[in-house]
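Chain by chain, the residues run as shown.
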Amino acid sequence: MGTAGVIVSFESVGLRYGTGAEILRDLDFKLVAGGLYFLTGPSGAGKTSLLKLLYLAQRPTRGRISLFGQPLDEVDRNALPGLRRRIGIVYQDFRLIDHLSAFDNVALPLRIAGHAEDDIETATNEMLGWVGLSDRAGARPPTLSGGEQQRVAIARAVIGRPDLLVADEPTGNVDAEMARRLMHLFGALNRLGTTVVIATHDIGLIGETPGATLIRLEKGGIVDPTGGLAHPPVRRGENA
Amino acid sequence: MRPQWALTAAERQLLPAGRRRGPTRGLIAIMMFVMVIVAAAGLAIGNAAALLSQATEARYSIQLPGGAGQGDALARAARDLDGVRSARAVPEEEVNETLDRWLGPAAREADLPVPALVEVEFDDNADAKAIETALRSEFADAMLVANRSTIQPLLRSLRALGWVAASLVILVGVAAGAAVVLAARAALAANRDTIDVMHGVGATDEQVVRLFQYRIALDSLVGGALGAGLAALVLLLVSASGLAIAGRMAGQALLFPVDLLMLALLPLGGALLATLVARRAVLVSLRALP
Ligand SMILES: Nc1ncnc2c1ncn2[C@@H]1O[C@H](COP(=O)(O)OP(=O)(O)OP(=O)(O)O)[C@@H](O)[C@H]1O
Ligand SMILES: [Mg+2]
């Protein structure tokens, strides 16, 4: 398999926090541009840790990660913001800025990227509409319900039309109906070309999303969900 | 256009207001107050030393041991020499009074040899050595004493005090710098979640540091102005009493306009320095983040 169309590649990647044991080990996989991936596994398996490597909040202690064709160990710190602007992140714990309104939280990536304030307003209002929060635009996160906060977090992650969307349990706090709507949003984004990686426990969600690739993590290593293969399928809709 | 260092309304919201405003401004105000007072004292002392030194620049006295009664002759001889602008014999009564002051009234009874004293002022480029030699052809025991060398010890201690003041200003400045660094780090820690989110959506360190730099600049400007303002008030009160007397004694004010300008620049320079120091501290801390 060549590197064309590969947006993320992990080679023998390992991660340990401090001096502890390896939380992730021997990760070898590639994500294809435009793919839709589900990352599953029991609590504590290392899903969030793997996503942190993906969204550049953590450097691997071992191995090599390439993102958008660039080996990260060769990327200068000054070049990281440029890469991060191509990644949308939905944190497991949302990480909304409490003293900013929902609107300003969602607008943040566009402001950081230096868009004009008029464009920002239009795009942000549209985005808030998408996640059903138009009437809560002025509210601060602490006054929002868990599900509303999650939708603000999702809106913030997708507003910049990222090349890679990384979502950690993005439907953990919403009802089934809202979960389906959010999945439609991710699906729509994916059809527009965004590579989507979603960590989730929600088997139902996975079942309802045809064409998605499943990556199963157990005790820090990737196992094949079907139990047969040593390596997970890396390409969607292709006979490897 | 908006100046580069100024923040947009959206940027200003990113760090919640008020959380750490109090202590930083107060601390900077106190330190600036001390710095301005000490700097003013140092400048006044330095100026006093300069005035004293200037006033005694061309002044000498001629002493003739045991020459009581020869004062006028000595003064006449001195006046005729090249390079002497004026010469005045100190009346014997004055000499005796001075001796009384130094030695007590008993000195008169002791029948000490009273010297003749002449106060002379030289021309600007006068050659003191030549004048002394010329004098000695007539009065072999005559001694020429520069007034400057008489007050030299006083000048030395004044100048030393000036240096002490300068060092104090620098020390307080360094302490203020350290306080600013600590405040910057504390602000960084207090806003760590916001910074992580900003980094997460692709903010550069420069974009983050701007927020803090603006804050510290504002705090140190306001704090510095407050401290310097208070110091100016105190200086005004003091100069209305003590300093003015000292100034009149020297025949001049002890702080010149250029000194006042320097004092006024202290809070501005301080704020600029504080901002640069804080900026540096924040950048260094940010580089340690992933
Ligand atoms: N910052 C950290 N320092 C030390 N250990 C950590 C840190 N973050 C996670 N861990 C450990 O790494 C392991 C994997 O954690 P991680 O959060 O990646 O799991 P997860 O699969 O996302 O779990 P969950 O489904 O509960 O979110 C856990 O044992 C956790 O205790
Ligand atoms: Mg997790």
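Criteria and thresholds
- Residues numbered from 1 in each chain as written.
- Chains lettered and ligands numbered in written order.
- Predicted model: local features only at pLDDT ≥ 70, side-chain atom pairs only at ≥ 80, totals over all residues.
- Heavy atoms only, no water.
- UniProt positions renumbered as here; feature names shortened; annotations may be inferred.
- Pairing = 2+ DSSP bridges.
- Helix = DSSP H or I, 4+ residues; strand = E, 2+ residues; numbered from the N terminus.
- Axes fitted to C-alpha atoms, helices over the stretch in contact; angles between N-to-C directions.
- Contact = heavy atoms within 4.5 Å.
- Donors = N, O, S within 2.8 Å, 3.2 Å for Na, K, Ca; no water.
- Buried < 20%, exposed > 50% of the residue type's maximum accessible area, 1.4 Å probe, protein only.
- Near = heavy atom within 4 Å.
- Polar contact = N/O pair within 3.5 Å; in protein donor to acceptor, adjacent residues only side chain to side chain.
- Areas by Shrake-Rupley, 256 points an atom, 1.4 Å probe, with all protein chains shown as cover.
- Patch = residues over 30% accessible without salt bridge, like charges linked within 9 Å, V, L, I, M, F, W, Y side chains within 5 Å.
- Salt bridge = Lys/Arg side-chain N within 4 Å of Asp/Glu carboxyl O.
- Expected span 1.5 Å × (residues − 1).
- Phe/Tyr/Trp six-rings, centres within 6.5 Å; stacked < 30°, edge-to-face > 60°.
- Lys NZ or Arg CZ within 6 Å of the ring centre and 35° of its normal.
- Domains from an automatic or database assignment.

- The name an unreviewed UniProt entry assigns to chain B is Cell division transport system permease protein, from the organism Sphingomicrobium lutaoense.
- In its Subcellular location (unreviewed entry) section, UniProt records this for chain B: "Cell membrane".

## A short note on the sheet that holds strand E4 (residues 143-146) of chain B
All names here are of chain B.
Here comes step 1: Taken in spatial order, the four strands of this open sheet run E2-E3-E1-E4, and their pairing is antiparallel. Both outer strands of the open sheet, strand E2 (84-89) and E4, are each paired with one neighbouring strand and no more. On average, adjacent strands in this sheet sit at an angle of 25° to one another, irrespective of strand direction.
Here comes step 2: In this structure, E2 lies alongside strand E3 (residues 116-122), joined through five bridges in antiparallel fashion. Of the residues in E3, the one forming a bridge with Ala 89 is Val 118.
Here comes step 3: Sitting on the sheet, helix H3 (residues 71-79) is in contact with strand E1 (59-64), E2 and E3, with an inclination near 175° to E2.

## Here we look at the coordination of the magnesium ion (ligand 2)
Residue and element names in this part refer to chain A.
Here comes step 1: Around the magnesium ion (ligand 2), the protein contributes the donor atoms Thr 48 (OG1) and Gln 92 (OE1), which lie 1.8 to 2.2 Å from the metal centre. Here Thr 48 is found in helix H1 (residues 47-54), whereas its partner Gln 92 is found in the loop between strand E6 (87-90) and helix H3 (102-112), with 44 residues between them in sequence.
Here comes step 2: The exposure class of Thr 48 is partly exposed, given its relative accessible area of 25%.

## As for the site of ligand 1
Residues and elements named next belong to chain A.
Here comes step 1: Taken together, Tyr 17, Ile 23, Pro 42, Ser 43, Gly 44, Ala 45, Gly 46, Lys 47, Thr 48, Ser 49, Gln 92 and His 201 make up the full set of residues near ligand 1.
Here comes step 2: Separating an oxygen atom of ligand 1 from a backbone N or O atom of Ala 45 is a distance of 3.3 Å.
Here comes step 3: A distance of 2.7 Å separates an oxygen atom of ligand 1 from a polar atom in the side chain of Lys 47.
Here comes step 4: When isolated, ligand 1 has an accessible area of 630 Å², and the protein chains bury 60% of it.

## Description of the UniProt feature "transmembrane region" (unreviewed entry) in chain B
All names here are of chain B.
Here comes step 1: In the numbering used here, UniProt assigns the feature "transmembrane region" (unreviewed entry) to residues 27-52, 160-184, 221-246 and 253-278.
Here comes step 2: Secondary structure over residues 27-52 splits into 100% helix and 0% strand, and the C-alpha atoms at its two ends are 37 Å apart.
Here comes step 3: The distance separating the terminal C-alpha atoms of residues 160-184 is 36 Å; by composition the span is 100% helix and 0% strand.

## Thoughts on a nonpolar patch on the surface
Residues and elements named next belong to chain B.
Here comes step 1: Among the surface-exposed residues, Leu 218, Leu 221, Val 222, Leu 261, Leu 265 and Leu 268 lie close enough to one another that they form a single nonpolar patch of about 510 Å² accessible area.
Here comes step 2: Of all elements in the fold, only helix H10 (205-249) and helix H11 (257-287) reach the threshold of two or more residues within the nonpolar patch.
Here comes step 3: For Leu 268, the location among the structural elements is in helix H11.

## Examining the pattern of salt bridges
All names here are of chain B.
Here comes step 1: Scanning the model with the defined rule gives 24 salt bridges over all chains in all.
Here comes step 2: Linking Arg 59 and Glu 121 is a salt bridge whose minimum nitrogen-to-oxygen distance equals 3.7 Å. One end of the pair, Arg 59, is in strand E1; the other, Glu 121, is in strand E3, and 62 residues separate them in sequence.
Here comes step 3: Linking Glu 206 and Arg 279 is a salt bridge whose minimum nitrogen-to-oxygen distance equals 3.0 Å. Linking Glu 206 in helix H10 with Arg 279 in helix H11, this pair joins segments that are 73 residues apart in sequence.
Here comes step 4: It is possible to trace a salt-bridge network through shared partners that takes in Arg 59, Arg 85, Glu 121 and Asp 123.

## Things to note about helix H5 (residues 146-158) of chain A
Here comes step 1: If you check H5(A), its first and last C-alpha atoms are 19 Å apart, about what 13 residues at 1.5 Å a residue would give, namely 18 Å.
Here comes step 2: Looking at H5(A), one finds that the buried residues are A:Gly147, A:Glu148, A:Gln149, A:Gln150, A:Arg151, A:Val152, A:Ala153, A:Ile154, A:Ala155, A:Arg156, A:Ala157 and A:Val158.
Here comes step 3: Residues of H5(A) that are buried make contact with E6, H3, helix H4 (117-130), strand E7 (164-168) and helix H6 (176-191) of chain A together with helix H9 (192-200) of chain B.

## Some details on the packing of aromatic side chains
Here comes step 1: In the structure shown here, the tally under the stated rule is three aromatic pairs over all chains.
Here comes step 2: Geometrically, the ring pair formed by A:Tyr55 and A:Tyr91 is edge-to-face, given 5.5 Å between the ring centres and 80° between the ring planes. Placement of the pair is A:Tyr55 in the loop between H1 and strand E4 (62-67) and A:Tyr91 in the loop between E6 and H3, with a sequence separation of 36 residues.
Here comes step 3: Ring geometry for B:Tyr60 versus B:Phe122: centroids 4.4 Å apart, planes at 20°, classification stacked. Residue B:Tyr60 is located in strand E1, and its partner B:Phe122 is located in strand E3; the two are separated by 62 residues in the primary sequence.
Here comes step 4: Judged by its relative accessible area of 3%, B:Phe122 is buried.
Here comes step 5: A cation over an aromatic ring shows up here: A:Arg86 above the ring of A:Phe68, its NZ or CZ 3.9 Å from the ring centre.
Here comes step 6: The lysine or arginine in question, A:Arg95, covers the ring of A:Tyr91, its NZ or CZ lying 4.6 Å from the ring centre.

## Topic: the domain arrangement of chain B
Here comes step 1: When the domains of chain B are assigned, the result is domain 1 (9-54 + 153-287) and domain 2 (66-140).
Here comes step 2: Just the C-alpha atoms count here: the centres of domain 1 of chain B and domain 2 of chain B sit 53 Å apart.

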